[in-house]
Amino acid sequence: MIGASNRIGSAGYRIFRNLIGSEYDGVVYPVNPKYESIQGVESYKNVKELPKTPDLAVIVTPSKVVLDVVEECGKKGIKGILIISAGFKEIGKEGKKLEKKLESIRQKYGLRIVGPNCVGIIMPYLGMNSTFAGAMPEKGNIALFSQSGAICGSILDWAASAKVGFSSFVSVGSMLDVDFGDLIDYFGRDIHTRSIVLYVENITHARKFMSAARSFARVKPIIVIKSGRFKEGAKAASSHTGAMAGEDYIYDAAFKRAGCVRVKKIGELFNCSSILAKQPRPTGKNLAIITNAGGPGVLATDAIVENGGKLAELSEETLEELNKFLPTHWSKGNPMDIIGDSDEEAYRKTIEVALKDKNIDGIVVISVPQVMANPKKLAENIIDISKKSTKPILTSFVGEESVQYARQMLNRNNVPTYPTPEEAVESYMHLYHYARNLELLYETPEERTVETTIKSKDKIKDIIQKALDEDRTTLYENEAKEILELYGIKSTRPRLAKNADEAVNLSEKIGYPVVMKIHSPQITHKSDAGGVALDLDCEESVRDAFDTMMKTVKKNVPKAKIEGVTMQKMVKNTGSEFILGSKKDPVFGSIILFGLGGIFTELFKDRAIGFPPLNQVLAQRIIEKTKAYRLLKGYRNIPPANMKAVEETMINFSQLIEDHPEISELDINPLIPQDDNLVAVDARVMIDKNPDEKPHMIISKYPSHYIKKVTLKDGTEVTLRPIKPEDEPLWQEMFESFSEETVRYRFFRVIKETPHKMRTRYCNIDYDREIGIVAESKKDGKRRFLGVTRIIADPGSNDKAEFALVVSDKWQRLGLGAEFIDYTLEIAREKGFDQIYGPVLKDNIPMIKLCREKNFEFKEGDPGEYMISHDL
């Protein structure tokens with residue numbers, strides 16, 4: 001520790017005191033040239049004098065000397081650096097300069113840095129406390145990462161009283177290097193961590209964060225609280241999408257897409273953490289309330305409905321059992337009001353009966369201080385039942401002094417308890433929504449293809465380049481609609497008229513009624529400038545509209561260069577109008593927005609946000625979050641839209657955004673259902689002169705460049721291509737074709753069934769971390785998978801990747817295995833890995849023979865296994 005001190009009360013004193021006084025078994029060297037010894041431990045004048053090279057350097061010095069200290073650490077070979085010191089980018093321009101120099105030193109020596117300007121790290125299982133926090137938290141299963149030092153302190157205080165333990169605590173500070181993505185990657189693999197809690201002020205590397213969170217949220221819940229939800233004084237947006245896709249909505253959408261649980265209050269963060277650490281995860285939203293007072297039961301019921309839950313309907317068997325021992329006047333339903341004169345034994349029997357009811361997914365036990373039920377004995381009963389239960393049991397002991405001891409007992413024994421019934425219900429529902437969100441995200445999508453060609457993409461690039469050459473960042477409407485049509489999105493293509501005569505001629509060719517719009521590079525919102533005339537049904541109305549429009553627009557926007565008007569077919573709206581848009585966020589890159597459109601877009605602000613790439617399921621999830629969804633399904637006299645066409649329009653739109661990072665904003669508003677399709681009535685495209693300066697996509701798109709054709713020894717033509725979520729049925733068919741021996745060779749055990757959750761693990765993957773290449777053949781119009789090879793990057797490492805492959809029994813000994821290995825090596829080299837490796841069973845003779853032919857190195861692995869590797 002550099003900056004350790006004998007000055008009582010200083011950060012250097014308190015942190016060093018914690019390091020040597022928290023049962024840490026390792027060696028701690030204090031470094032400070034002012035002292036011979038610090039708190040009884042021999043001190044060193046500088047890092048160079050240390051007798052050994054430590055694993056971690058904790059730096060608590062003034063910021064002006066931090067750079068020199070880090071340089072010394074680099075020379076000494078210390079790879080881990082924790083910088084507590086403040087005085088960097090948070091103080092402004094000078095601090096940013098220091099941070100830039102610090103980053104250069106970091107890269108020079110290959111260091112990993114936590115901080116600067118942070119509280120420190122606590123690792124309870126190591127007994128290591130490198131913070132100035134008072135006490136070491138209890139050991140537990142929650143990893144806590146926070147950007148706020150003050151919040152860290154309050155959470156640790158709460159945890160001590162609530163008896164909630166932590167596997168780790170990291171204050172990330174300015175995140176010069178180590179950020180939330182790195183920490184999720186590391187602690188996602190930590191055996192002591194069952195859930196992760198984040199206090200976020202901002203995300204720095206969004207793609208890394210999303211990749212890490214998506215990778216682990218399925219197995220370890222990630223709970224996020226994000227501060228700064230409302231930004232005052234936001235800049236005026238140039239598009240409807242820009243105006244409606246505020247920063248907090250984008251964060252919210254990102255957390256949902258990653259599978260995280262978002263809470264909005266510190267109290268909810270604590271409550272969620274409590275249930276995560278102590279109870280089984282909810283499997284449904286059907287809650288039972290057991291109470292000895294009617295009022296709290298009603299409040300709990302209101303909270304269930306308000307939070308999207310459902311009051312469980314008690315089965316006939318449950319009612320019959322309860323009637324045998326409960327007072328005559330009990331509620332005979334849910335909430336189960338067992339009356340104030342029921343004792344703790346009545347509670348115990350009621351809970352046990354309720355847990356057997358298949359209609360009930362979780363129980364909230366409410367106890368109000370009464371004469372009969374002893375809080376201490378009731379708590380003991382609940383603790384005993386909870387230890388055997390596979391369903392979550394939450395409690396609310398309402399009151400203070402008389403129930404305080406009972407609450408402490410419950411907390412100590414892993415039963416979450418809350419001051420109010422509403423908080424108990426909210427906590428349960430947060431965890432239910434987490435499980436349900438994951439279920440919906442990983443639902444198997446239907447196969448949908450986007451028909452685009454290289455020629456189409458080149459045409460769009462030409463349109464964009466033409467605009468940039470003319471110093472325009474907004475495309476003309478006819479250009480915008482041409483781009484949409486190249487991606488299969490129908491539109492009303494406008495035609496340019498420079499005077500009234502041309503406007504009339506075009507109208508007659510198009511066919512009345514028509515729409516006239518002003519054509520000017522300076523005018524984005526045409527309606528606001530008086531530049532739109534609808535439903536023109538004859539020559540006279542066209543001429544009148546032209547004259548009026550010219551006068552109105554010149555008056556409203558005197559500096560605009562008017563190049564004429566555009567004429568297009570009037571689309572009669574028989575239902576509702578929608579908006580489909582995109583904008584490029586400085587943190588999260590391109591986003592996609594869908595909602596109610598037309599002139600009321602920004603008034604009603606009905607929208608949902610997602611991120612490209614979209615598939616059928618993800619498009620459906622976005623649509624379902626809006627009020628517009630009810631209209632699309634048909635509402636009163638509004639006919640239902642073709643939902644397949646809506647989803648396909650969104651998927652095509654997503655593909656357009658993926659393929660063209662130059663598009664900074666794109667609005668289709670209104671988008672109108674017509675017959676069995678959707679028509680873009682108005683479209684606006686804005687382009688970015690420097691697209692590389694902002695992130696484009698935070699989720700990796702389908703790597704189509706890995707598609708290739710090969711021919712097997714028997715002449716069968718096979719396509720090697722990356723796997724995708726839509727392939728789940730084909731993957732399952734392939735698995736069912738495996739012999740028991742082939743299954744054991746691939747999975748190292750015999751697996752009889754592959755549930756949906758397992759199949760999504762192999763099909764719905766993050767291409768930044770993993771590539772699964774399938775071999776697909778087609779015969780008589782039927783597609784089938786012959787095998788698959790897979791490369792999985794080691795989390796947190798860019799050097800190594802694990803690989804595995806399997807070939808269906810019928811297609812073995814035809815050269816497919818060799819093709820797989822050659823392609824695996826090729827892709828691994830292209831991705832920059834130094835080595836691929838993997839275990840192989842010693843009795844898997846065909847695989848061993850093939851890998852020896854391909855010059856793999858063999859070493860002893862676990863019992864019965866070789867560990868093979870290939871240096872690249």
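My aim in this report is to walk through the structure given alongside it, one point at a time. Note that the structure is a prediction, hence the values are computed from the model and not measured.

Some points on the sheet that holds strand β21 (residues 565-569)
Item 1. Overall, antiparallel pairing links the four strands, which are arranged β18-β21-β19-β20 in an open sheet. Single-partner strands in this sheet number two, and they are β18 (495-497) and β20 (532-536). The mean inter-strand angle of the sheet, taken between neighbouring strand axes irrespective of direction, is 25 degrees.
Item 2. Note that β18 and β21 share three bridges and pair antiparallel. Across the sheet, A497 pairs through a bridge with V565, a residue of β21.

What about the side chain of S148?
Item 1. As for its placement among the helices and strands, S148 is situated in the loop between β8 (139-146) and α4 (149-162).
Item 2. On the accessibility criterion, S148 (12% relative accessible area) is buried.
Item 3. Side-chain polar atoms of S148 contact the backbone nitrogen of I151, separated by 3.1 Å.
Item 4. Filtering out sequence-adjacent residues up to four positions away, S148 remains in contact with Y199 and E201.

A short note on helix α24 (residues 728-737)
Item 1. Here α24 has its buried residues at E728, L730, W731, Q732, M734 and F735.
Item 2. Elements that come into contact with the buried residues of α24 comprise α25 (740-747), α26 (756-763) and β31 (782-793).

Structural notes on the pairing of strand β25 (residues 663-674)
Item 1. The buried fraction of β25 is high, at 11 of 12 residues.
Item 2. As judged from the five bridges shared by strand β22 (residues 578-585) and β25, these two strands associate in the antiparallel manner. Within the sheet, the bridge partner assigned to K583 lies in β25 and is E665.
Item 3. In this sheet, strand β27 (residues 683-687) lies alongside β25 in antiparallel orientation, the contact comprising five bridges. Across the sheet, the residue bridging to I663 is I687, located in β27.
Item 4. In the sheet, β25 pairs with strand β26 (residues 677-680) via four bridges, with the strands oriented antiparallel. Residue Q674 lies in a different strand from β26, and its bridge partner there is N677.
Item 5. Where β25 hands over to β26, the hairpin turn is made up of two residues, of which D675 adopts a positive phi near 55 degrees.

Focus: the pattern of salt bridges
Item 1. Enumeration over the complete set of coordinates arrives at 55 salt bridges.
Item 2. Residues D768 and R207 are paired through a salt bridge, measuring 2.7 Å at the closest nitrogen-oxygen approach. Taken as a pair, D768 in the loop between α26 and β30 (770-779) and R207 in helix α6 (residues 206-216) lie far apart in primary sequence, 561 residues in all.
Item 3. Under the relative-accessibility criterion, R207 is labelled partly exposed at 34%.
Item 4. Taking the shortest distance from any N to any O, the salt bridge between K376 and E380 comes out at 2.9 Å. Pair noted here: K376 and E380 are both in helix α13 (residues 375-388), with a separation of four residues, about one helical turn.
Item 5. Residue K376 is classed as partly exposed on the basis of its relative accessible area of 37%.
Item 6. Here the salt bridges do not stand alone but share partners, grouping E103, R106, R112, D177, D179, D182 and K208 into one network.

The rules behind the values
Residues numbered from 1 in each chain as written. Predicted model: local features only at pLDDT ≥ 70, side-chain atom pairs only at ≥ 80, totals over all residues. Heavy atoms only, no water. Pairing = 2+ DSSP bridges. Helix = DSSP H or I, 4+ residues; strand = E, 2+ residues; numbered from the N terminus. Axes fitted to C-alpha atoms, helices over the stretch in contact; angles between N-to-C directions. Buried < 20%, exposed > 50% of the residue type's maximum accessible area, 1.4 Å probe, protein only. Polar contact = N/O pair within 3.5 Å; in protein donor to acceptor, adjacent residues only side chain to side chain. Contact = heavy atoms within 4.5 Å. Salt bridge = Lys/Arg side-chain N within 4 Å of Asp/Glu carboxyl O.

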